[in-house]
Amino acid sequence: MKKTLAILMALVMVLGAFTFASADEVKTYKVGISIYQYTDNFMTLYRNEIADYFKTLETDTVKYELVFADAKNDMAEQTNQMNNFVTQGMDVIILNPVQTSSADVLIDIAVSNEIPLVLINREPLAYDADGNTIDEAYEGILNNPQVCYVGADARQSGTYQGELILATGNQGDINGDGKISYIMIQGDPENIDAQYRTEFSIKALTDAGKTVECLDSQVGNWDQTKGQELCANALTVHGYNVEVVFCNNDGMAMGALTAIQTAGRIVGEDIYLVGVDALPEAVEAIKLGDMTGTVLNDHIGQSHAAVDVAVKLLNGEAIDNYYWVNYVKVDKAYAEAQ
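Residues numbered from 1 in each chain as written. Predicted model: local features only at pLDDT ≥ 70, side-chain atom pairs only at ≥ 80, totals over all residues. Heavy atoms only, no water.

Some remarks on the confidence of the model for the chain
Looking at the chain, the pLDDT average stands at 90 and 88% of residues meet or exceed 70. Low pLDDT, under 50, characterises residues 10-15; the predicted model gives this stretch zero contacts beyond four residues in sequence or across chains. Overall, residues 17-23 carries pLDDT values under 50, and its contacts beyond four positions in sequence, including any with other chains, amount to zero contacts. (pLDDT = per-residue confidence, 0-100. Contact = heavy atoms within 4.5 Å.)

Structure representation (structure tokens):
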């Protein structure tokens, strides 16, 4: 009996030692994630997918402690968050910058503290000595092996918006006067995505040989309520001369739709409406014929790419400085097939 007890005790000690050893082998990485503004519809989908995808990558020996922060569209707030991430000992940072033109300040915080950095969704801008935008990537990314940007080429999304209008029966010229008269509701004017979507949506029309007329172009800062207000004002001033409403994102497009319906206009008959992001409510509106089309800004593809490259950085693997995810054109046929 004594011999049996001795054997059992020995086994318990061995198993206990094995348990402690296993616990010691669990590695927990701290990931700081700063989002420019939680109220942004698209970034809500994006950050939720980041959290969900990190969970799928956890194992018995690798865990990820995620610390999310809402910068509230405030550069000073985001700068404080970055400094807090340093103090909290983050192993990697995922950053959705508030001001793309001031991203160098945020990049420098990470770089100077040797914390790998993944920038997402809002591509930093570079400027020359006169303050003019340089059509090249921000040097702080290009010159650092532990900094990268994950996003989509907004020129493609703008082009797709224009092509959605060209695909309509009258190619956007509803009143048949030989020109496409439109209003443009822009996102943050400093944001390169807003700039490219504004420019390339119209370029797609002119490249196709169409004459265009801009009746109004206003900044809605990605906000649905502002989109509704700006569209309502433009429709009041220009009435049925407005043939197309371009919105830099679906949030503003949904606001514009409310204004269009309130004005008694009918999408697909006397006006067209396009956005970007393919938010669920926008896709549903397309199915119902209440919206002409949108462009899928693939939050799943982008968020997964951002997490994958963050994990590479944590593992000490080499990375590229840029990772691009394609947009997808969403018309009624595409929407109904989903």
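Structural notes on the side chain of serine 201
Inspection of the secondary structure puts serine 201 in helix H7 (residues 192-207). We classify serine 201 as buried; its relative accessible area is 0%. Looking at serine 201, its side chain comes within polar contact range of the main-chain oxygen of arginine 197, at 2.8 Å. With sequence-adjacent residues up to four places away left out, serine 201 is seen in contact with Gly158, Thr159, Gln161, Gly162, Met184, Tyr196 and Phe246. (Helix = DSSP H or I, 4+ residues; strand = E, 2+ residues; numbered from the N terminus. Buried < 20%, exposed > 50% of the residue type's maximum accessible area, 1.4 Å probe, protein only. Polar contact = N/O pair within 3.5 Å; in protein donor to acceptor, adjacent residues only side chain to side chain.)

Side note on the packing of helix H6 (residues 154-166) against H7
Look at H6 against H7: their axes get within 7 Å of each other, and the N-to-C directions meet at 35 degrees. Crossing handedness for the pair H6 and H7: right-handed. Of the residues in H7, those touching H6 at Ala154, Arg155, Ser157, Gly158, Thr159, Gln161, Gly162, Glu163, Ile165 and Leu166 are Ile192, Asp193, Tyr196, Arg197, Phe200, Ser201, Ala204 and Leu205. (Axes fitted to C-alpha atoms, helices over the stretch in contact; angles between N-to-C directions. Left-handed = near helix turned anticlockwise from the far one by under 90°.)

A word on the packing of aromatic side chains
Under the criterion given, the structure shown has eight aromatic pairs. Measuring from ring centre to ring centre gives 5.0 Å for phenylalanine 54 and tyrosine 64, while their planes differ by 50 degrees; the resulting arrangement is tilted. Of this pair, phenylalanine 54 sits in helix H2 (residues 41-57) while tyrosine 64 sits in strand S2 (residues 62-70), placing them ten residues apart in sequence. Pair check on accessibility: phenylalanine 54 and tyrosine 64 agree, each one buried. Look at tyrosine 149 and tryptophan 324: their rings are 5.8 Å apart centre to centre, the planes differ by 65 degrees, and that puts the pair in the edge-to-face class. Taken together, the residues span a long stretch of sequence, with tyrosine 149 in strand S7 (residues 147-151) and tryptophan 324 in strand S13 (residues 322-324) at a distance of 175 residues. A relative accessible area of 0% means that tyrosine 149 is categorised as buried. When its relative accessible area of 46% is taken as the criterion, tryptophan 324 is described as partly exposed. These aromatic residues form a ring-pair network of at least three members: Tyr29, Phe54 and Tyr64. (Phe/Tyr/Trp six-rings, centres within 6.5 Å; stacked < 30°, edge-to-face > 60°.)

A few points about the sheet that holds strand S8 (residues 180-186)
If you trace the four strands from one edge of the open sheet to the other, you get S9-S8-S10-S11, paired in parallel fashion. Pairing within the sheet leaves two strands with one partner each, and these edge strands are strand S9 (212-219) and strand S11 (272-274). Averaged over all neighbouring strand pairs, the angle between strand axes comes to 15 degrees, with direction disregarded. One ladder, built from four bridges, connects S8 with strand S10 (residues 244-247); its direction is parallel. Bridge pairing in S10 links methionine 184 to phenylalanine 246. Its contacts with the sheet put H7 on S8, S9 and S10, and the angle it makes with S8 is roughly 165 degrees. (Pairing = 2+ DSSP bridges.)

Here we look at the nonpolar core
In terms of nonpolar packing, the biggest core is built from 61 residues, with Ile94, Val118, Ile120, Val150, Cys231, Val245 and Leu273 touching the most fellow members. If sequence neighbours within four positions are ignored, leucine 273 has contacts with Val245, Cys247, Ala253, Ala256, Leu257, Ile260, Val267, Asp290, Met291, Thr292 and Gly293. Formed by 20 residues, the second largest nonpolar core is a distinct cluster that contains Leu164, Ile165, Ile192 and Val274. (Core = buried A, V, L, I, M, F, W, Y, C linked by side-chain atoms within 4.5 Å.)

Concerning the pairing of S8
Taken across its seven residues, S8 has seven buried, putting it largely inside the fold. Where S8 and S9 come together, seven bridges link them in parallel fashion. Across the sheet, the residue bridging to serine 181 is glutamate 213, located in S9. Of the crossover connections in this fold, the one passing from S8 over H7 to the parallel S9 is right-handed. (Right-handed = clockwise from strand over helix to strand, strands pointing away.)

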